[in-house]
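# Analysis of the macromolecular model
Given next are the chains, with one letter for each unit.
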Amino acid sequence: MQAEHLLSVGAELGEGPVWIGDALWFVDIKRNTVFRFDPETRDLASWPAPEHVGWVLPSSEDGLIAGLKSGPHRFLPGTGAFERIAHIQADLPDNRLNDAAIDAEGRIWFGTMDNLEESATGRVFVLDKGAVREAGLDPVTITNGPAISPCGSLVYHVDTLARTVIRHEIAQDGTPDAGTPFLDFTGDDRADWGYPDGAICDAEGGVWLGFYAGGAARRFAPDGSLTDEVRFPVSNITKIALGGPDGCTAFATTARQGLSEEQLASQPLAGDLFTFRTAIPAAPPRNANI
């Protein structure tokens with residue numbers, strides 16, 4: 001399958017697509033910008049953020065919850081205001097928030113990473129009704145996902161530089177177990193696949209991954225088998241969101257970051273938004289419990 005070009009954005013690091021209501025929200029991390037795109041009207045709105053912004057997610061209360069560099073904030077699109085909820089890893093000024101998902105109890109699972117992509121200072125945290133705690137997963141340099149299964153009992157954690165995905169069972173109190181290997185992209189047969197990036201789960205528990213420097217998005221069944229592959233005319237596919245009226249329209253963010261002048265010349269659509277159709281719809285939407 002080939003993805004179709006949907007919208008010119010030219011994002012340095014497009015990320016965090018999520019379908020909320022009747023529109024797609026996403027961010028450009030490195031340009032500190034939040035976007036809202038309405039596919040019906042093709043209206044694109046944007047808001048400046050005070051720091052690098054990794055994601056926005058729907059809230060059960062006013063506004064959205066945004067993952068800024070220093071920690072989660074409440075974001076009010078009506079005024080453009082960002083109100084701090086918590087400060088994360090204040091002793092690590094080179095770290096930032098990167099990716100996130102909401103579990104069945106409304107908790108936000110989010111990861112941090114070294115913005116220089118050098119040190120294993122990334123951790124996974126859980127935001128639950130305003131309180132933040134470490135999830136207890138192994139430290140990595142670049143965290144991605146976490147993705148939560150539709151039943152809410154599994155969390156998939158992506159270690160991008162190690163090119164692996166670990167699956168953890170979530171206990172009743174929200175604590176993950178030690179985890180088991182789910183996907184490994186280090187073998188010779190997958191050497192040209194690039195790096196696993198953002199992850200989501202669909203309604204049947206399949207895991208969609210964007211592949212950075214791999215020019216593709218792929219879906220894996222709960223048993224780890226490859227079921228779908230979508231190719232793109234650009235290298236850096238960062239994350240997929242499922243939405244639209246039937247939940248079967250996929251939206252993909254991409255990035256210009258790290259591409260040479262020669263690569264950018266051959267990939268004029270790098271950093272833009274793409275789309276394709278899927279057979280399996282999105283998992284039911286969830287709101288953060290804050």
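Quick notes on the rules
Residues numbered from 1 in each chain as written. Predicted model: local features only at pLDDT ≥ 70, side-chain atom pairs only at ≥ 80, totals over all residues. Heavy atoms only, no water. Helix = DSSP H or I, 4+ residues; strand = E, 2+ residues; numbered from the N terminus. Rg over C-alpha atoms; globule rule 2.2 N^0.38 Å. Buried < 20%, exposed > 50% of the residue type's maximum accessible area, 1.4 Å probe, protein only. Contact = heavy atoms within 4.5 Å. Areas by Shrake-Rupley, 256 points an atom, 1.4 Å probe, with all protein chains shown as cover. Lys, Arg positive; Asp, Glu negative; His and termini not counted. Charge placed at Lys NZ, Arg CZ, Asp CG, Glu CD. Phe/Tyr/Trp six-rings, centres within 6.5 Å; stacked < 30°, edge-to-face > 60°. Lys NZ or Arg CZ within 6 Å of the ring centre and 35° of its normal. Pairing = 2+ DSSP bridges. Axes fitted to C-alpha atoms, helices over the stretch in contact; angles between N-to-C directions. Core = buried A, V, L, I, M, F, W, Y, C linked by side-chain atoms within 4.5 Å.

## Describing the overall build of the protein chain
The helix and strand tally for the protein chain stands at 1 helix and 24 strands. In terms of overall size, the protein chain behaves like a compact globule, its C-alpha atoms giving a radius of gyration of 17 Å where 290 residues would be expected to give roughly 19 Å. Put simply, the protein chain has 290 residues, and 59% of those count as buried. Considering only contacts in the protein chain between residues 6 or more positions apart, those separated by 24 or more positions represent 46%. A total of about 11600 Å² of accessible surface is found on the protein chain, and carbon and sulfur atoms cover 48% of it. Side-chain charges of the protein chain comprise 22 positive and 41 negative groups, with the mean position of each set lying 2 Å from the other.

## Examining the environment of Gly224
Inspection of the secondary structure puts Gly224 in the loop between strand 20 (216-220) and strand 21 (226-231). When its relative accessible area of 16% is taken as the criterion, Gly224 is described as buried. Sequence separation between Gly224 and Gln89 is 135 residues; the distance between their C-alpha atoms is 33 Å.

## Things to note about the packing of aromatic side chains
Counted by the stated rule, this structure contains 16 aromatic pairs. Measuring from ring centre to ring centre gives 5.8 Å for Trp47 and Phe75, while their planes differ by 80°; the resulting arrangement is edge-to-face. Of the two residues, Trp47 sits in strand 5 (residues 43-48) while Phe75 sits in strand 8 (residues 71-76), which places them 28 residues apart along the sequence. Ring-pair connections join several aromatic residues into one group, and the members of that group are Trp25, Trp47, Phe75 and Phe82. Geometry around Phe211 places Arg218 over its ring, the cationic atom sitting 4.8 Å from the centre.

## With respect to the sheet that holds strand 3 (residues 23-28)
Judged by pairing direction, the sheet is antiparallel, and its 4 strands sit side by side in the order 2-3-4-5 without closing on themselves. Since the sheet does not close on itself, it has two edges, and those belong to strand 2 (14-20) and strand 5, each with one partner. Averaged over all adjacent pairs, the angle separating strand axes in this sheet is 20°, with direction ignored. Strand direction decides the pairing type here: strand 4 (residues 33-38) and strand 5, joined by 6 bridges, are antiparallel.

## Some words on the nonpolar core
Generally speaking, a soluble globular protein has its nonpolar side chains buried in company with each other. In terms of nonpolar packing, the biggest core is built from 32 residues, with Trp25, Val34, Trp55, Phe75, Ile108 and Phe110 touching the most fellow members. For this core, the elements supplying multiple residues, two or more each, are strand 2, strand 3, strand 6 (53-58), strand 7 (64-68), strand 10 (95-102), strand 11 (108-114) and strand 12 (124-128). If we ignore the near neighbours within four places in the chain, the residues touching Val34 are Trp25, Phe26, Val27, Ala45, Ser46, Trp47, Val53, Val56, Phe75 and Phe82. Trp208, Leu259, Ala270 and Phe276 belong to the second-largest nonpolar core, a separate cluster that totals 16 residues.

## Some words on the sheet that holds strand 24 (residues 273-277)
Strand order across the open sheet formed by 4 strands is 1-24-23-22, with antiparallel pairing between neighbours. A single partner strand is all that each edge strand has here, and the edge strands are strand 1 (4-7) and strand 22 (237-243). Across the sheet, the axes of successive neighbouring strands diverge by a mean angle of 35°, strand direction being ignored. Across 4 bridges, strand 23 (residues 249-254) lies against strand 24 in antiparallel orientation. Each residue of the ladder has a partner; that of Thr249, found in strand 24, is Arg277.

## So, the pairing of strand 15 (residues 154-159)
Counting buried positions along strand 15 yields 6 of 6 residues, so the element is predominantly enclosed. Residue alternation in strand 15 divides its side chains into two sets, Leu154, Tyr156 and Val158 and Val155, His157 and Asp159, and both sets are buried. In this sheet, strand 15 lies alongside strand 14 (residues 143-148) in antiparallel orientation, the contact comprising 4 bridges. Along strand 15, the bridge assignment pairs Ala147 with Tyr156. Turn length for the strand 14-strand 15 hairpin, with the two strands adjacent in sequence and antiparallel, is 5 residues, and the turn residue Gly152 shows positive phi of about 85°. Alignment of strand 15 against strand 16 (residues 164-169), held across 6 bridges, turns out to be antiparallel. If you follow Tyr156 over to strand 16, its bridge partner there is Arg167. Linkage of strand 15 to strand 16, two consecutive antiparallel strands, is achieved through a turn of 4 residues, within which Arg163 is found at a positive phi near 60°.

Any link to function would need more than the numbers given here.
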